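# Observations on the three-dimensional arrangement
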Amino acid sequence: VADLPYARTLLEELASFDAEIRPTARVSFRPRGDQQHDDLVMALALACWYFRKLNPPSTSPEAFSLPFY
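Scanning the protein chain from terminus to terminus reveals two helices and two strands. Of the regular secondary structure in the protein chain, the N- to C-terminal order runs α-β-β-α. Across the 69 residues that make up the protein chain, the buried fraction comes to 10%. In the protein chain, 32% of the contacts between residues at least 6 apart in sequence involve partners at least 24 apart. As presented, the protein chain carries roughly 6500 Å² of accessible surface, and 62% of it is formed by carbon and sulfur atoms.

Below is the structure:
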């Protein structure tokens, strides 16, 4: 992690990120406070989503016996 230039910033953004369930039952994701940023959190989320879209989880029975990492 020390080799990544924005690792500390990403960890700080992740620590300040919050989910709120609104009265309409919708979930809102945002950083706590007015001065917080979420651009690295959103970039990481998009990268994870796109990776999962390109590599969907296996539904074969053998995949369920492997340990999850």
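Across the protein chain, pLDDT averages 83, with 81% of residues at or above 70. Mean pLDDT across the secondary structure elements of the protein chain bottoms out at strand E2 (residues 27–31), with 87, and peaks at helix H2 (residues 39–54), with 92.

Turning next to the pairing of E2. Where strand E1 (residues 17–21) and E2 come together, five bridges link them in antiparallel fashion. Looking at the pairing, Glu20 lines up with Ser28 of E2. The loop that links E1 with its antiparallel partner E2 comprises five residues; one of these, Ala25, has a positive phi angle of about 75°.

Moving on, we come to unusual backbone geometry. Even without a glycine there, the phi angle at Ala25 is positive, about 75°. Mapped onto the secondary structure, Ala25 falls in the loop between E1 and E2.

About the criteria used
Residues numbered from 1 in each chain as written. Predicted model: local features only at pLDDT ≥ 70, side-chain atom pairs only at ≥ 80, totals over all residues. Heavy atoms only, no water. Helix = DSSP H or I, 4+ residues; strand = E, 2+ residues; numbered from the N terminus. Buried < 20%, exposed > 50% of the residue type's maximum accessible area, 1.4 Å probe, protein only. Contact = heavy atoms within 4.5 Å. Areas by Shrake-Rupley, 256 points an atom, 1.4 Å probe, with all protein chains shown as cover. pLDDT = per-residue confidence, 0-100. Pairing = 2+ DSSP bridges.

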